[in-house]
Amino acid sequence: MRRGAEDVYQMSDGNANPELSIIIVSWNVKDLLKRCLESIFDSDYAEEPGRLEVIVVDNASSDGSAEMVLSDFPQVRLLENSQNLGFTRANNQGIEVAGGRFVFFLNPDAEIVGDALGTMVEFMESHPEVGALGPRLLYPDGSIQSSRRRFPGVATLFLESTLIQRWWKRNKILSRYYMEDRSPEETQEVDWLVGAAIMARREVLDQVGGFDEGFFMYSEELDWCRRAKDAGWKIVYLPTAAIIHHEGKSSGQVVAARNIHFFTSRVRYAEKYHGKAVAEVLRLFLLGTFLFQMVEEWSKWAVGHNRPLRESRIRAYREVLRSGLRPG
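Bear in mind that the values here come from a model prediction, so they are computed numbers and not experimental data.

Visitor: Talk me through the overall build of the protein chain; I want residue IDs and the actual numbers.
Guide: Across its full length, the protein chain holds 12 helices and 12 strands. Against the globule reference of 20 Å for 328 residues, the protein chain gives a C-alpha radius of gyration of 20 Å, in line with a compact fold. Summarising its shape, the C-alpha atoms of the protein chain cover approximately 60 × 45 × 40 Å along the three principal directions. Counting only residues that meet the buried cut, the protein chain has 51% of its 328 residues in that class. Counting contacts in the protein chain only where the partners sit at least 6 residues apart, residues at least 24 apart contribute 79% of the total. In the form shown here, the protein chain has an accessible surface area of approximately 14,600 Å², with 51% of it arising from carbon and sulfur atoms. Put simply, the protein chain has 40 plus and 46 minus side-chain charges, and the middle of one group is 10 Å from the middle of the other.

Visitor: Go over unusual backbone geometry with me, naming the residues and quoting the values.
Guide: A positive phi is found at Asn28, a non-glycine position, where the angle reads about 60°. Considering the arrangement of structural elements, one finds Asn28 in the loop between strand S1 (20–26) and helix H1 (30–41). With a phi angle near 45°, Asn306 is a residue other than glycine that sits in the positive phi range. With respect to the helices, strands and loops of the structure, Asn306 is situated in the loop between helix H11 (276–302) and helix H12 (307–323). Since its relative accessible area comes to 41%, Asn306 is described here as partly exposed.

Visitor: Tell me what's going on with the packing of helix H9 (residues 220–230) against helix H10 (residues 255–274), and back it up with residues and numbers.
Guide: Relative orientation of the contacting elements H9 and H10 amounts to 20°, with a least axis distance of 11 Å. With respect to their mutual orientation, H9 and H10 come out roughly parallel. For the pair H9 and H10, contact is made by Leu222, Asp223, Arg226 and Arg227 and by Tyr269, Lys272 and Tyr273, respectively. Class assignment for the residues of the contact of H9 with H10 results in three nonpolar, no polar and four charged.

Visitor: Would you mind going over a nonpolar patch on the surface in detail, with residue names and values included?
Guide: A contiguous nonpolar surface patch, about 430 Å² in accessible area, is contributed by Trp167, Trp168, Ile173 and Phe292. Within the secondary structure, Trp167 is located in helix H6 (residues 163–167). Among the residues examined, Trp167 registers a relative accessible area of 52% and is labelled exposed.

Visitor: Quick rundown of the packing of aromatic side chains? Include the residues and the values.
Guide: Per the counting criterion, the structure on display carries 12 aromatic pairs. Where Phe158 meets Phe285, the ring centres are 5.1 Å apart and the plane angle is 55°; that geometry is what we call tilted. Of this pair, Phe158 sits in helix H5 (residues 154–159) while Phe285 sits in helix H11; the two residues are 127 residues apart in sequence, bridging distant segments of the chain. Considering the side-chain rings of Phe263 and Phe290, the 5.4 Å spacing of their centres and the 75° angle between planes classify their relative orientation as edge-to-face. Note that Phe263 is positioned in helix H10 and Phe290 in helix H11, a separation of 27 residues in sequence. Given the relative accessible area of 4%, Phe290 is considered buried.

Parameters at a glance
Residues numbered from 1 in each chain as written. Predicted model: local features only at pLDDT ≥ 70, side-chain atom pairs only at ≥ 80, totals over all residues. Heavy atoms only, no water. Helix = DSSP H or I, 4+ residues; strand = E, 2+ residues; numbered from the N terminus. Rg over C-alpha atoms; globule rule 2.2 N^0.38 Å. Buried < 20%, exposed > 50% of the residue type's maximum accessible area, 1.4 Å probe, protein only. Contact = heavy atoms within 4.5 Å. Areas by Shrake-Rupley, 256 points an atom, 1.4 Å probe, with all protein chains shown as cover. Lys, Arg positive; Asp, Glu negative; His and termini not counted. Charge placed at Lys NZ, Arg CZ, Asp CG, Glu CD. Axes fitted to C-alpha atoms, helices over the stretch in contact; angles between N-to-C directions. Parallel < 35°, antiparallel > 145°, perpendicular 65-115°, else oblique. Nonpolar A, V, L, I, M, F, W, Y, C, P; charged D, E, K, R; others polar. Patch = residues over 30% accessible without salt bridge, like charges linked within 9 Å, V, L, I, M, F, W, Y side chains within 5 Å. Salt bridge = Lys/Arg side-chain N within 4 Å of Asp/Glu carboxyl O. Phe/Tyr/Trp six-rings, centres within 6.5 Å; stacked < 30°, edge-to-face > 60°.

Laid out in structure tokens, this is it:
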């Protein structure tokens, strides 16, 4: 039985002084979570006792995820929330109880490949100036998933993942943002990394804090990496370590909420780093793009084109418009 939203159920006390703590925030992806945990405990790194602790923070899943962890992985520390507290707050819960010198934030829809954990820890130990690093992310078919980024300028905030990108796919602004001028085969310093798999040094978390809970989900890793860089730490992409990532399996269950959280977080980021005026213009622009898309779907519905699909999209866009995309 779950307790209040602020309470957690702790499965065990964990390892006293682990080298690495892995924090996994999960919501209704039981089968993928099980594969993720199996890949961790089947890895070479997990063979040596005491090096590793795994913390699963369950955000009120209704698919039996917590029960599966309890029954199949007794070595895992389970923190169980009675409601979905969001990705950032749940990760911060994990940080509070993690004892490792390194903390690895891993999505539940990810799987460890080979000795990725050992490779990352070894790199961190030999490069004390590196505050955080991310592995090469792979799609299930083995192709590379883009995960390296430069910090977004104002133009990027208006372009990336918006209707404009759909119309203008190839442009220098986004090419620079996605670091397409650098090979994904090279170990390299970056501005920030996609948050599906990021290993952080404990000293950095102690210095700059955990994730900003003003971001329910999305853009929290961008904000955190920016704070770490501002504090003088390096962020590194390490392609010699690989993780398979089944992208978007949790958030994909609720399309309207995903869009609301994604773009509300973008507006919050814009306000935090570019000012309120830029953030307000961005918010109104984004709402305009969703209004345009809703009208577009209405037009297709009116001529009888795949009406069930059009109706679902119209409902989703209407929810986004009603939200106002207002941070907080």
